[in-house]
Amino acid sequence: METPGSQSSLHRANLERVVRAVRLAGSLTQAEIARTTGLSAATVSNIVRELKDGGTVEVTPTSAGGRRARSVSLSGDAGIVIGVDFGHTHLRVAVGNLAHQVLAEESEPLDVDASAAQGFDRAEQLVNRLIAATGVDRTKIAGVGLGVPGPIDVESGTLGSTAILPGWTGTKPAEELGGRLGVPVHVDNDANLGALGELVWGSGRGVRDLAYIKVASGVGAGLVISGKIYRGPGGTAGEIGHITLDESGPVCRCGNRGCLETFAAARYVLPLLQSSHGTDLTMEGVVRLARDGDPGCRRVIADVGRHIGSGVANLCNLLNPSRVVLGGDLAEAGELVLGPIRESVGRYAIPSAARQLSVLPGALGGRAEVLGALALALSEMGDSTLLDGSLTTATPAFT
């Protein structure tokens, strides 16, 4: 039993601080570890040597700022994490190790009318298939991150109302999947996981305050404040799709009129083009046609961008993020949509907030949410597990 405040307990705490910093970042130089943890360079050097000797971390030569350095990462066989992402029409699963390397990844179509039980059964089968394909030991699974397209009640873990998977409302996704896999499962909504994925490995790297805007069947935002996902006490923070733009506008699924979602989500945008482009048009198709020069599709995407920009301006005035990352199919439109977003932000946001903001497309595409699920699993696991050797022998970003 370690005495609180003793030299041994302080040493243990410093070990856990270093392991946590490396685990969350994937790999860090020793100088970066010192800055992240607040420990002295000498203390970090001694701890890294101890962890290396114990097989918890690996140290490889690298360079930083043109100078030689040593990169520290968790050992490749320390354990694995699993990411599961349920979307409107897809199920995607990834298996990664604690060094932020993806070992296997696969997606398959998902019937939107499938029941929750059928969806979780499919997820279990896909996870088992990928584990078998990688040959990893199931006992090394440290945790699972799960993304669903709807709000999760923070206290109960219950999935709230979702128009994307309506038959799933009221279920407890973490319990459902955890019972099937027999490992801890941590759940969040898809926008939050998209934000986490882009923050760790994509267009959000290097910033501590950002908003990830996902535009698909609905419109949502994942908010990062001071480097952490902000969910709010009820888990519904980031519902930017229900900012009111026009009190006399179309009736939204939430019961209000003129929500941003009614001007930007695919279900409201696609009908605008059906008379000229047919009923089989998808948002992906609209983007492709716009990039090819179709005037109608270009106009619709520009209008959507201006509406999204109005919502982003509200975010800027309230939270003053340094970066907004646009995800979903719409991000593939590039400057056709980003330009109008910036135009609206410049018009409606406080000038100082607008000047500090950069608006970028997501770098991870359709992988953002599943990589965010891996990041969620990594962030929720305990460092004492690694130090105590429960995962046996405990490798830089997911690639």
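Each residue is numbered by its place in its chain's sequence as written, counting from 1. For a predicted model such as this one, the threshold for reporting local features is a pLDDT of at least 70, and the threshold for listing and counting side-chain atom pairs is 80 or more; totals across whole chains, interfaces and linings nevertheless cover every residue. Side-chain calculation: all heavy atoms of the structure are included, whereas hydrogens and water are not.

The name given to the chain in an unreviewed UniProt entry is NBD/HSP70 family sugar kinase, and the organism recorded there is Streptomyces umbrinus. Under the UniProt heading Sequence similarities (unreviewed entry), the entry covering the chain gives this text: "Belongs to the ROK (NagC/XylR) family." UniProt positions are given in the numbering used here, feature names are shortened, and annotations may be inferred rather than shown by experiment.

Asks: Describe in detail unusual backbone geometry, supporting the description with residues and values.
Replies: Positioned with a positive phi, His100 is a non-glycine residue whose angle comes to about 70 degrees. Looking at the secondary structure, you find His100 in the loop between β5 (90-97) and β6 (102-109). Taking the relative accessible area as the measure of exposure, His100 reaches 0% and is therefore buried. In this model, Ser226 sits at a positive phi of 55 degrees, which is unusual for a non-glycine residue. Put simply, DSSP H or I for four residues or longer makes a helix, DSSP E for two residues or longer makes a strand, and each gets a number counted from the N terminus. Checked against the element boundaries, Ser226 lands in the loop between β10 (219-225) and β11 (228-230). Each residue gets one of three labels from its accessible area relative to the maximum for its type: buried under 20%, exposed over 50%, partly exposed in between, using a 1.4 Å probe on protein chains only.

Asks: With reference to specific residues and values, describe the sheet that holds strand β2 (residues 57-64).
Replies: Criterion used throughout: strands pair if DSSP finds at least two bridges between them. Across the sheet, three strands lie side by side as β1-β3-β2; this open sheet has antiparallel pairing. Whereas interior strands pair on both sides, the edge strands pair on one side only; in this sheet they are β1 (27-29) and β2. The average angle at which neighbouring strand axes cross in this sheet is 30 degrees, direction not considered. By the bridge criterion, eight bridges tie β2 to strand β3 (residues 67-74) in an arrangement that is antiparallel. Pairing of Ser63 across the sheet is with Arg68, part of β3. We call two residues in contact whenever any of their non-hydrogen atoms come within 4.5 Å of each other. Only C-alpha atoms enter the line fits that serve as axes; for helices the fit covers just the stretch in contact. Angles between N-to-C directions range over 0 to 180 degrees. Running over the sheet, helix α2 (residues 30-37) touches β1 and β3 and is turned about 95 degrees from β1.

Asks: Please provide a residue-by-residue account of the UniProt feature "domain: HTH marR-type" (unreviewed entry) in the chain, values included.
Replies: As annotated in UniProt, the feature "domain: HTH marR-type" (unreviewed entry) corresponds to residues 18-68 in the numbering used here. With 57% helix and 25% strand, the stretch residues 18-68 has end C-alpha atoms that lie 21 Å from each other.

Asks: Quick rundown of the domain arrangement of the chain? Include the residues and the values.
Replies: Just so you know, the domain bounds were taken from an automatic or database domain assignment. Per the domain assignment, the segments making up the chain are domain 1 (7-75), domain 2 (80-194 + 369-380) and domain 3 (205-363). Look at where the C-alpha atoms of domain 1 and domain 2 centre, and you get two points 30 Å apart. Around 510 Å² of area is buried between domain 1 and domain 2 when both sides are counted, 54% of it from carbon and sulfur atoms. One speaks of a salt bridge when a side-chain nitrogen belonging to Lys or Arg is within 4 Å of a carboxyl oxygen belonging to Asp or Glu. Joining domain 1 to domain 2, the criterion identifies zero salt bridges. By buried area we mean the combined loss of accessible area, with a 1.4 Å probe, across both parts when two parts are placed together.

Asks: Outline the pattern of salt bridges, listing residues and values.
Replies: Going through the model one piece at a time under the given rule, you end up with 16 salt bridges. A salt bridge links Glu105 to Arg92; the shortest N-O distance between them is 3.6 Å. Note that Glu105 is positioned in strand β6 and Arg92 in strand β5, a separation of 13 residues in sequence. Salt bridges sharing common partners tie together Glu106, Glu108, Arg122 and Arg129.

Asks: Quick one: what's the story with the packing of aromatic side chains, residue by residue and with numbers?
Replies: The criterion for an aromatic pair is that two Phe, Tyr or Trp rings (for Trp, the six-membered ring) have centres within 6.5 Å, with stacked assigned to planes under 30 degrees apart, edge-to-face to planes over 60 apart and tilted to the rest. This model, assessed by the stated rule, comprises three aromatic pairs. Taking 5.6 Å as the distance between ring centres and 85 degrees as the angle between the ring planes, the aromatic pair formed by Phe86 and Phe120 counts as edge-to-face. Of this pair, Phe86 sits in strand β4 (residues 80-86) while Phe120 sits in helix α4 (residues 116-134), and the two are 34 residues apart along the sequence. Taken individually, Phe86 and Phe120 each receive the classification buried, so the pair is uniform in this respect. Note on Phe120 and Trp168: the rings are 5.1 Å apart at their centroids and 50 degrees apart in plane angle, and the pair reads as tilted. In this pair, Phe120 is assigned in helix α4 and Trp168 in the loop between β7 (141-148) and α5 (173-181), connecting sequence segments 48 residues apart. Residue Phe120 is classed as buried on the basis of its relative accessible area, which comes to 0%. An aromatic cluster is built from Phe86, Phe120 and Trp168, whose rings are joined through pairwise contacts.

Asks: Pulling in residues and values, what's your account of a nonpolar patch on the surface?
Replies: Like charges within 9 Å and nonpolar side chains (Val, Leu, Ile, Met, Phe, Trp, Tyr) within 5 Å are joined into patches, using only residues over 30% in relative accessible area that form no salt bridge. Areas reported here follow the Shrake-Rupley algorithm with a probe of radius 1.4 Å; residue values treat only the protein chains shown as occluding. Where nonpolar side chains cluster on the molecular surface, the patch consists of Ile225, Tyr230, Leu318 and Leu319 and spans about 390 Å² of accessible area. Note on placement: Leu319 falls in helix α11 (residues 295-319).

Asks: Please set out the confidence of the model for the chain residue by residue, giving values where relevant.
Replies: One number per residue, pLDDT, summarises how confident the predictor is, and it ranges from 0 to 100. A residue-level look at the chain finds 94% of positions with pLDDT of 70 or above and a mean pLDDT of 89. Here residues 390-397 is modelled with pLDDT under 50, and outside its nearest four sequence neighbours on either side it reaches 40 contacts, counting other chains as well.

Asks: Residue-level account of α5, with values.
Replies: When we look at burial in α5, the residues that qualify are Pro173, Leu177, Gly178 and Leu181. The buried side chains of α5 occupy one side of the element, clustering within an arc of 115 degrees when seen end-on. Residues Glu175 and Gly179 are exposed on α5 and point more than 90 degrees away from its buried face. Just downstream of α5 lies Gly182, where phi reads positive at about 75 degrees. Comment: arc refers to directions from the helix axis out to C-beta atoms.

Asks: I'd like to hear about the environment of Glu108, residue by residue, with values.
Replies: Note on placement: Glu108 falls in strand β6. When the C-alpha atoms of Glu108 and His90 are compared, they prove to be 5.7 Å apart, with 18 residues separating the residues in sequence. Counted as a polar contact is a pair of N or O atoms within 3.5 Å, where, for protein atoms, one must be capable of donating a hydrogen and the other of accepting one, and residues adjacent in sequence contribute only when both atoms are in side chains. For Glu108, the side chain forms a polar contact with the side chain of Arg122, separated by 2.7 Å. Among the polar contacts listed, one links the side chain of Glu108 to the side chain of Arg129, at a separation of 3.3 Å.

Asks: So what about the state of the cysteines? Which residues, and what values?
Replies: Disulfides are defined in this document as cysteine sulfur pairs within 2.5 Å. Tallying each qualifying case throughout the model produces zero disulfides. In this structure Cys254 is not part of a disulfide, and its nearest cysteine sulfur, from Cys259, lies 3.6 Å away. Cys254 sits in the partly exposed class, given a relative accessible area of 39%. Given a relative accessible area of 0%, Cys259 falls into the buried group.

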